Amino acid sequence: MLIYILFLFFILWSIRFYFRNKRAKDLINKIPGPPTLPIIGNLLMFNVSIENLWNVLRDLNKRYYPITKFWLGFIPMISVHHPDDLEILLSSMKHIDKGSSYKYLHPWFKTGLLTSSGEKWKHRRQILTPAFHFNILKKYTIITNDNSKMFIRMLKTQKDESVHNLLSLCSNYTLNTICETAMGVALDKIDAEIAKQYKNAVNEVGNIVIYRAIRPYIQDWMLNPLMQIARKQKQSLKIFRDFSNKVLIERKAHKQLTNAPLKDLNKSSKSHNYEDTFFGDRKKLAMLDLLLEAEKRGLIDDNGIKEEIGTFMLAGHDTTGMALVYVIMLLAENSEYQDKARSEVITILNRSKGEIRMEEIRDLHYLERCIKESLRLFPPVSALSRCLKEDLKLKDYVIPAGTEIGCHIFDVHRDPNFWPEPEKFDPDRFLPERIQGRHPFSYIPFSAGPRNCIGQRFALMEMKSLMAHILYNFKLEPVSRTSDIKLLLNLVTQPSKPVHTRFIRIDNNNEHI
Ligand code: HEM
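In this text the structure is predicted, and so the values were computed from the model without any measurement.

Peer 1: Would you take a moment to explain the overall build of the protein chain for this structure?
Peer 2: Scanning the protein chain from N- to C-terminus turns up 20 helices and 11 strands. Taken across its 513 residues, the protein chain has 55% of its residues classed as buried. A separation threshold of at least 6 residues defines the contact pool for the protein chain, and within that pool the share at least 24 residues apart is 77%. Carbon and sulfur atoms make up 54% of the accessible area of the protein chain, which totals about 23,400 Å².

Peer 1: Would you explain the packing of aromatic side chains in this entry?
Peer 2: A ring pair, where both rings are aromatic, is described by two values, the distance of the centres and the angle of the planes. The final tally for this structure, using the stated rule, is 16 aromatic pairs. Pairing phenylalanine 46 with phenylalanine 70 gives two aromatic rings, centres 5.0 Å apart and planes at 45°, and the pair type is tilted. Taken together, the positions of phenylalanine 46 in the loop between helix H2 (22-29) and helix H3 (50-63) and phenylalanine 70 in strand E1 (residues 67-72) put the pair 24 residues apart, joining distant regions of the chain. Look at phenylalanine 70 and you get buried, because its relative accessible area is 9%. Ring geometry for tryptophan 54 and phenylalanine 410: centres 4.8 Å apart, planes at 80°, overall edge-to-face.

Peer 1: Can you walk me through the coordination of the iron atom of the ligand in this structure?
Peer 2: Tetrahedral coordination by four donors places them ideally at 109.5 degrees to one another around the metal; octahedral coordination by six donors ideally gives 90 or 180 degrees. What the protein offers the iron atom of the ligand as a donor is a single atom, Cys453 (SG), at 2.3 Å. Along the chain, cysteine 453 turns up in the loop between helix H19 (432-435) and helix H20 (456-473).

Peer 1: Explanation requested: the site of the ligand in the structure shown.
Peer 2: Around the ligand, a shell composed of 28 residues is seen, among which Tyr102, Trp121, Arg125, Arg451 and Cys453 lie nearest. Between the ligand and the protein, one listed contact pairs an oxygen atom with a side-chain N or O atom of tyrosine 102 at 2.5 Å. Separating an oxygen atom of the ligand from a side-chain N or O atom of arginine 386 is a distance of 3.3 Å. Those elements that place two or more of their residues in the shell around the ligand are helix H6 (118-128), helix H14 (302-333), strand E4 (383-387) and H20. Sorting elements by how many residues they give to the shell around the ligand places H14 first, with six residues.

Peer 1: Can you walk me through the state of the cysteines in this structure?
Peer 2: Throughout this description, disulfide means a covalent bond between two cysteine sulfur atoms. Applying the stated rule across the entire model yields zero disulfides. In this model cysteine 387 remains outside any disulfide bridge; the closest cysteine sulfur is found in cysteine 407, 15 Å from its own. A relative accessible area of 23% means that cysteine 387 is categorised as partly exposed. Of all cysteine sulfurs, the one in cysteine 453 lies closest to cysteine 407, which takes part in no disulfide; the gap is 14 Å.

Peer 1: Sorry, what's going on with the sheet that holds strand E11 (residues 500-505) here?
Peer 2: Sheets are built from strands that pair by backbone hydrogen bonding, the pairs being arranged parallel or antiparallel. With antiparallel pairing, the three strands of this open sheet are ordered in space as E3-E11-E8. In this open sheet, the two strands that pair with only one neighbour each are strand E3 (161-165) and strand E8 (474-478). The average undirected angle you get between the axes of adjacent strands in this sheet is 30°. Across five bridges, the pairing between E8 and E11 is antiparallel. When the sheet's bridge partners are listed, leucine 476 is paired in E11 with phenylalanine 503. Contacting E3, E8 and E11, helix H7 (residues 134-156) crosses the sheet at an angle of about 70° to E8.

Peer 1: How should I be thinking about the nonpolar core in this particular structure?
Peer 2: When a protein is soluble and globular, its nonpolar side chains tend to lie buried together. In terms of nonpolar packing, the biggest core is built from 126 residues, with Met183, Met287, Met313, Leu331, Ile470 and Phe503 touching the most fellow members. With 16 residues, H14 is the largest single contributor of residues to this core. The residues contacting methionine 313, other than those within four sequence positions of it, are Leu175, Ile178, Cys179, Met183, Tyr198 and Phe243. Within the second largest apolar cluster, 22 residues are counted, among which are Ile28, Leu384, Leu394 and Ile399.

Peer 1: Mind showing me how you'd approach H2 here?
Peer 2: What sets the pattern is the α-helix's 3.6 residues per turn: residues three or four places apart point alike. Residues of H2 that are buried: Ala24, Leu27 and Ile28. End-on, the buried residues of H2 take up no more than an arc of 95°, which puts them together on one face. Contacts made by the buried residues of H2 are with E1, strand E2 (75-80) and strand E6 (398-399).

Peer 1: I'm lost on the pattern of salt bridges in this one. Help?
Peer 2: Side chains that differ in sign of charge can pair as their charged atoms come close. For the coordinates displayed, the defined rule picks out 31 salt bridges. One salt bridge in this structure joins aspartate 391 and arginine 23, with 2.5 Å as the shortest N-O distance. Linking aspartate 391 in the loop between E4 and strand E5 (392-393) with arginine 23 in helix H2, this pair joins segments that are 368 residues apart in sequence. Overall, aspartate 391 belongs to the partly exposed group, its relative accessible area being 32%.

Peer 1: What is the right way to look at H3 in this model?
Peer 2: Spanning 14 residues, H3 covers 21 Å between terminal C-alpha atoms, matching the ideal 20 Å at 1.5 Å per step. For H3, every residue scored as buried is listed here: Leu53, Trp54, Val56, Leu57, Arg58, Leu60 and Asn61. Residues of H3 that are buried sit in contact with E1, E2, helix H10 (192-213), strand E7 (404-408), helix H18 (409-412) and strand E9 (487-488).

Peer 1: So what exactly am I meant to see when it comes to unusual backbone geometry here?
Peer 2: Backbone geometry follows two general trends: most residues other than glycine have a negative phi, and most peptide bonds adopt the trans configuration. Look at the link from tyrosine 65 to proline 66: it is a cis peptide, with omega at 5°. Looking at the secondary structure, you find proline 66 in the loop between H3 and E1. For lysine 110, which is not glycine, the phi dihedral falls at a positive 45°. Its place among the elements puts lysine 110 in the loop between helix H5 (106-109) and H6. Take lysine 110: its relative accessible area is 48%, and that puts it in the partly exposed class. If you check the backbone angles, glutamate 421 has positive phi at about 45° while not being a glycine. The residue glutamate 421 is located in the loop between H18 and H19 in this model. Accessibility expressed as a relative area gives 55% for glutamate 421, which makes it exposed.

Peer 1: Help me understand the environment of proline 445 in this model?
Peer 2: Along the polypeptide, proline 445 turns up in the loop between H19 and H20. For proline 445 and lysine 372, which are 73 residues apart along the polypeptide, the C-alpha to C-alpha distance reads 8.8 Å.

Peer 1: Hey, could you run me through the packing of helix H8 (residues 166-182) against H14 in this one?
Peer 2: Helix-helix packing: each pair is described by the crossing angle between the helix axes and the interaxial distance. Their axes nearest at 8 Å, the elements H8 and H14 cross at an angle of 140°. Considering the angle they form, H8 stands oblique to H14. Between H8 and H14 the crossing geometry is right-handed. Contacts from Leu166, Leu167, Cys170, Ser171, Tyr173, Thr174, Leu175, Ile178 and Cys179 in H8 reach Phe312, Met313, Gly316, His317, Thr320, Gly321, Met322, Leu324, Val325, Ile328 and Met329 in H14. Of the residues belonging to the contact of H8 with H14, the class tally is 14 nonpolar, six polar and no charged.

The rules behind the values
Residues numbered from 1 in each chain as written. Predicted model: local features only at pLDDT ≥ 70, side-chain atom pairs only at ≥ 80, totals over all residues. Heavy atoms only, no water. Helix = DSSP H or I, 4+ residues; strand = E, 2+ residues; numbered from the N terminus. Buried < 20%, exposed > 50% of the residue type's maximum accessible area, 1.4 Å probe, protein only. Contact = heavy atoms within 4.5 Å. Areas by Shrake-Rupley, 256 points an atom, 1.4 Å probe, with all protein chains shown as cover. Phe/Tyr/Trp six-rings, centres within 6.5 Å; stacked < 30°, edge-to-face > 60°. Donors = N, O, S within 2.8 Å, 3.2 Å for Na, K, Ca; no water. Near = heavy atom within 4 Å. Polar contact = N/O pair within 3.5 Å; in protein donor to acceptor, adjacent residues only side chain to side chain. Disulfide = S-S within 2.5 Å. Pairing = 2+ DSSP bridges. Axes fitted to C-alpha atoms, helices over the stretch in contact; angles between N-to-C directions. Core = buried A, V, L, I, M, F, W, Y, C linked by side-chain atoms within 4.5 Å. Arc of directions from axis to C-beta. Salt bridge = Lys/Arg side-chain N within 4 Å of Asp/Glu carboxyl O. Expected span 1.5 Å × (residues − 1). Parallel < 35°, antiparallel > 145°, perpendicular 65-115°, else oblique. Left-handed = near helix turned anticlockwise from the far one by under 90°. Nonpolar A, V, L, I, M, F, W, Y, C, P; charged D, E, K, R; others polar.

Okay, here's the thing in structure tokens:
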């Protein structure tokens, strides 16, 4: 009976949608795309396993390059791949609203920086930007260096040769690092059980969001406790809420204990010393302190702060963890490039007595090229979307207001028109002379324009720190291969099965670790 009522609801809603959107439909139908069925559009194409969803989307992109449309019932979706079109979309200040799939993240993060729009987004971005100022990142390198060394010490407790599941290994490092830098709280000191539950809950959020994004006809009110998806959502919500509360309480208590006021954050960036603002005499202050200071001045409340805790914990750990997985796999597979990166690392770490601070991060040029090439081949955020507030004129088509427009970064990065031999791992693509003249929107692992990734320099620094320590201490050999992995569409681009690499200890008489 319930099914019939739902189906009736769907039909009525679809008919209403159709008549209200005739002009939009005519414009969208000019764009090439697969044939549709009445009412359900292309929904059947997406009625596949989560493993196959990735291929369905890639096939569509390839077949209708450089722009395609498909219909989820009466909801049109546009997918663009040409860097010219991406430049028009992403660099616009008008089209900064996220696509509807981001609303499935709202139960966990409400409208934090990643999911908010309009004035709220501008205001939050303004408050949070100083947290990634160069001088602040410089201080964060103390934490990334310590955490990288801890990672190496842990690996060295194993035999001379050991095989590791990369995802859990790398996400441990990135979760600890984001927690300690941004939240000012060392995760393993909070509660190991909460940390473990939190990591599992992040995975669950990804699955729920994708499940709902390809079934937009499922409304919030339709979720009932008998559905497995609703039960999982409830459980993970509780874990996220407990986690944010705990982090906030701990940090507020710490602030009361130290009781040192932060300096005025209102001054312009030129005259203002952010290093003093954050660290003062105490050396370790976090992004969360910036938010607590903004709270004092009435710019944000406790709920707003919790939105940002959730947002930064998610955006800042899973992405970088997954990026590290791919760099390790690609260097393990390409021993020639691995050796080249190691020889640079040895020179620099011998000079710095095994410490990696901002100076060393800056000088690791070859390693940076390897990381950038890995982010090209395996961008951790494989797709993003926007909802248009007004009509958008792309190179060849007008996309009407209200439409969802997506971009599959993975395919943009493998477009042979911009990347010769796109499947090949070649770090020298990022030599300065080869970057010159390349379309800036043909490489967008951190998106681009006003809503680009606020944490991108932090992420690169964190990755360089760990990779340099790994290469100094271990030779990497492939166990799983990138050519064998099946990718899943999720919040981050993840392999469908665990992937492993062999770490072989290098006897370098290294007393620095
Ligand atoms: C390799 C690692 C990372 C990658 C590939 C990555 C990628 C991205 C991408 C593609 C976006 C745009 C998303 C969209 O438009 O929907 C984004 C936004 C964002 N990222 Fe990252 N990110 C990484 C690391 C980080 C880190 C370490 C942090 C925090 C410390 C962070 C925080 C954010 C936030 C808060 C946003 C939303 C920005 C806004 O809308 O103003 N990310 N990231």
